[in-house]
Amino acid sequence: MTNWIPDLSTTNTPRYMAIADAIAADLAAGRLTPGDRLPAQRRLAGELGLDFTTVARGYAEAQRRGLLASQVGSGTYVTDPGNAERTRPVKSDTRRNGPADFSMNLPPEPDDETLLARLRAGTDALSQDLLSLLRYQTFPPDGPDRETALLWLKGVGLTPAADRIQFASGAQAALAGILSTLSTPDDTIACEALTYPGIRSLCSQLNLGLIGLEEDEHGLDPAAFEAACKDSKIKALYLNPTLHNPTTRTLSLQRRKELAAISTRHGVPILEDDAYGQLCQSKPQAFATLAPETTWYVGSLSKCVGAGLRLAHVVAPERNASMRLSRVLRSQSIMVSPLMMALASRWIEDGTANEMLWHIRNESAARQRLAAQHLKDLSFQADPDGFHLWLQLGNGWTSAAFVSQVRNQAIGLAESDAFVVSGQSPEAVRLCLGGPHTRSQIDTALSVIAETLSNEPKDVTTYF
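Nothing here was measured: the structure is a model prediction, and the numbers come from that model.

1. A short note on the sheet that holds strand β13 (residues 379-382)
- Read across the sheet, four strands follow the order β13-β14-β17-β16 without closing on themselves; strand pairing throughout is antiparallel. The strands lining the two open edges of the sheet, one partner per strand, are β13 and β16 (414-415).
- In terms of strand pairing, β16 meets strand β17 (residues 428-432) through two bridges, oriented antiparallel. By the bridge assignment for β17, glutamate 415 is matched with valine 429.
- On the sheet, helix α16 (residues 399-407) packs against β16 and β17 and is oriented at approximately 40 degrees with respect to β17.

If you want it as structure tokens, here you go:
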């Protein structure tokens, strides 16, 4: 490690920019050379009398310029911006060099050239029959696309009849169609007290009431669901039972059986939003197998392949329900995009989708290990198969104050308020560890988050 201490006394630029400028100047002057290991951020902050987060931001800015490369677990090293091989860890993709936005829940993107080549091969193949994919399409129950859907659904243990499967342009469109099929304005939908924000916006748009049911440490309380079925005249129960957004919790098989029995007994449908089901390697049975006669299953490709692949598979409780949903979806969007359908079907058939699935699982596990290292002294919930975590705040921090503070360090987080349907908002935030960010960016951002939370709000100062 070098004893490098930059001289920041001759500039009035923001302190973090001055640090990056000093690295560039000292590299040009020969005071730093490629391969030098820079001081740890906390040590340099102490030497300069600056806040840790300011130094972390300066290192991140230098990395964005191609001056530094961070090797997880071994430190931060000076690189040669004129040597492509030495700066290989610094991506040219501007999205990867941008702020660490952990607010959008996106899967980790691949950078393996073999996998990227497989993805490109799928898109290239579409050009061979492009004109037909620009026409209106139908997807009959006995067609090849439903056979492909059945192949994919086997990954979560589902083997429905083909005529129970419908396609939608993503999970949000699927949920909108199901809610329109099941309910009319002023009806009430139940969900967990903390839930996916998309169901809140849909209920508001469709003029539906939404009530959040009590939870315990294992998830939705069956007694609360039973009471709602008896007293509230609810039309359906919305659940995100596997790698729950935002808490990462997966409902146990026993809890699923209890809720499924209540659904069957009262005839109250369950909307099973299984966005993360394919990722979970030890998932319990889906509600669609425990209570097939009352469950509407939604499985999309956005969290297990890519958010831009707008295709969801919907399994209806029975054929007539499937046909009713088909009419609603047709009135809302005519059809799913044939281009999306063709690309998804090809990737499922040739194994590319499964390769993406394994990449997301493996990369998520690596990133969760990073989070566990940085946040070991804090309270959080996470699952190694998932790419988000739920961080409980302490030390006097509110979620609003904390989100505002780290936003000053170009880190975006999702506040707890976005997920609350009933009850008081917990002082917590959701972090997404996926998207276009590299492990190095995530490592740096997690350092800033942990360091910020180690102080009380009144003790945190950011220098610009």
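More follows now that the structure is in view.
2. Points about the nonpolar core
- If you look at the biggest cluster of nonpolar residues, it comprises 39 residues, and the most contacted ones within it are Leu158, Phe167, Leu279, Tyr297 and Leu301.
- Only α5 (113-126), α7 (144-153), β4 (165-168), α14 (338-349) and α15 (352-374) provide two or more residues apiece to this core.
- Of the residues forming this core, the biggest block, six residues, is contributed by α14.
- For leucine 158, the contacting residues outside a window of four places in its chain are Leu150, Leu153, Ala286, Ala288, Thr289, Tyr297 and Val315.
- One finds Leu391, Leu393, Val406 and Val429 within the second-largest nonpolar core, a separate group that totals 26 residues.

3. Examining the packing of α7 against α14
- It is the contact of α7 with α14, at a shortest axis distance of 10 Å, that shows an interaxial angle of 50 degrees. On the basis of the axis angle, α7 is oblique to α14. Crossing of α7 over α14 shows left-handed handedness. Within the contact between the two elements, α7 uses Asp145, Thr148, Leu151 and Trp152 and α14 uses Met341, Ser345, Ile348 and Glu349.
- Of the residues contributing to the contact of α7 with α14, the split by class is four nonpolar, two polar and two charged.

4. Things to note about α14
- Compared with an ideal rise of 1.5 Å per residue, which puts twelve residues at 16 Å, α14 spans 16 Å between its outermost C-alpha atoms and is within 8% of the ideal.
- Elements that come into contact with the buried residues of α14 comprise α5, α6 (130-133), α7, β4, β12 (312-315) and α15.

5. Some points on the pairing of strand β9 (residues 236-239)
- Along β9, one buried face is formed by Ala236 and Tyr238 and the opposite face, lined by Leu237 and Leu239, is buried too.
- Bridge analysis of strand β5 (residues 188-192) against β9 gives two bridges, and the strand direction is parallel. Along β9, the bridge assignment pairs alanine 190 with leucine 237.
- In this sheet, strand β10 (residues 270-273) lies alongside β9 in parallel orientation, the contact comprising three bridges. Bridge pairing in β10 places tyrosine 238 opposite leucine 271.

6. Things to note about the confidence of the model for the protein
- With 93% of its residues at a pLDDT of 70 or more, the protein shows a mean pLDDT of 90.
- Residue range residues 84-95 is modelled with pLDDT below 50. Its contacts to residues more than four positions away, or to other chains, number 21 contacts.

7. A closer look at unusual backbone geometry
- Residue proline 246 is bonded to the preceding asparagine 245 through a cis peptide linkage, with omega at 20 degrees.
- Phi at leucine 243 is positive, roughly 50 degrees, even though this residue is not glycine.
- One can find leucine 243 in the loop between β9 and α11 (253-266).
- The phi dihedral of threonine 248 is positive, around 70 degrees, even though this residue is not glycine.
- Looking at the element boundaries, threonine 248 is found in the loop between β9 and α11.
- For threonine 248, a relative accessible area of 5% gives the class buried.

8. Topic: the environment of threonine 2
- Along the chain, threonine 2 turns up in the segment before α1 (15-29).
- Residue threonine 2 is classed as buried on the basis of its relative accessible area, which comes to 17%.
- With 185 residues separating them in the primary sequence, threonine 2 and aspartate 187 have C-alpha atoms 66 Å apart.
- Residue contacts for threonine 2: discarding those within four places in its chain leaves Asp36, Arg37, Leu38, Pro39 and Arg43.

9. Some points on the packing of helix α10 (residues 222-231) against α11
- Between α10 and α11, the shortest axis-to-axis distance is 10 Å and the interhelical angle comes to 10 degrees. By the angle class used here, α10 and α11 are roughly parallel. Residues Pro222, Phe225, Glu226, Cys229 and Lys230 of α10 form the contact with α11, whose participating residues are Arg255, Glu258, Leu259, Ile262, Ser263, Arg265 and His266.
- When grouped by side-chain class, the residues that make up the contact of α10 with α11 number five nonpolar, two polar and five charged.

10. A look at the pattern of salt bridges
- Enumeration over the complete set of coordinates arrives at twelve salt bridges.
- With a shortest N-O distance of 2.5 Å, arginine 249 and glutamate 215 are connected by a salt bridge. Taken as a pair, arginine 249 in the loop between β9 and α11 and glutamate 215 in strand β7 (residues 215-216) lie far apart in primary sequence, 34 residues in all.
- A relative accessible area of 21% means that glutamate 215 is categorised as partly exposed.
- For aspartate 216, the salt bridge goes to arginine 255, with nearest N and O atoms at 3.1 Å. Of this pair, aspartate 216 sits in strand β7 while arginine 255 is found in helix α11, placing the two residues 39 residues apart along the sequence.
- A relative accessible area of 9% means that arginine 255 is categorised as buried.
- Linked through salt bridges whose partners overlap, the residues forming this network are Asp21, Glu61 and Arg65.

Here is what the cut-offs are and how they apply
- Residues numbered from 1 in each chain as written.
- Predicted model: local features only at pLDDT ≥ 70, side-chain atom pairs only at ≥ 80, totals over all residues.
- Heavy atoms only, no water.
- Pairing = 2+ DSSP bridges.
- Helix = DSSP H or I, 4+ residues; strand = E, 2+ residues; numbered from the N terminus.
- Contact = heavy atoms within 4.5 Å.
- Axes fitted to C-alpha atoms, helices over the stretch in contact; angles between N-to-C directions.
- Core = buried A, V, L, I, M, F, W, Y, C linked by side-chain atoms within 4.5 Å.
- Buried < 20%, exposed > 50% of the residue type's maximum accessible area, 1.4 Å probe, protein only.
- Parallel < 35°, antiparallel > 145°, perpendicular 65-115°, else oblique.
- Left-handed = near helix turned anticlockwise from the far one by under 90°.
- Nonpolar A, V, L, I, M, F, W, Y, C, P; charged D, E, K, R; others polar.
- Expected span 1.5 Å × (residues − 1).
- pLDDT = per-residue confidence, 0-100.
- Salt bridge = Lys/Arg side-chain N within 4 Å of Asp/Glu carboxyl O.

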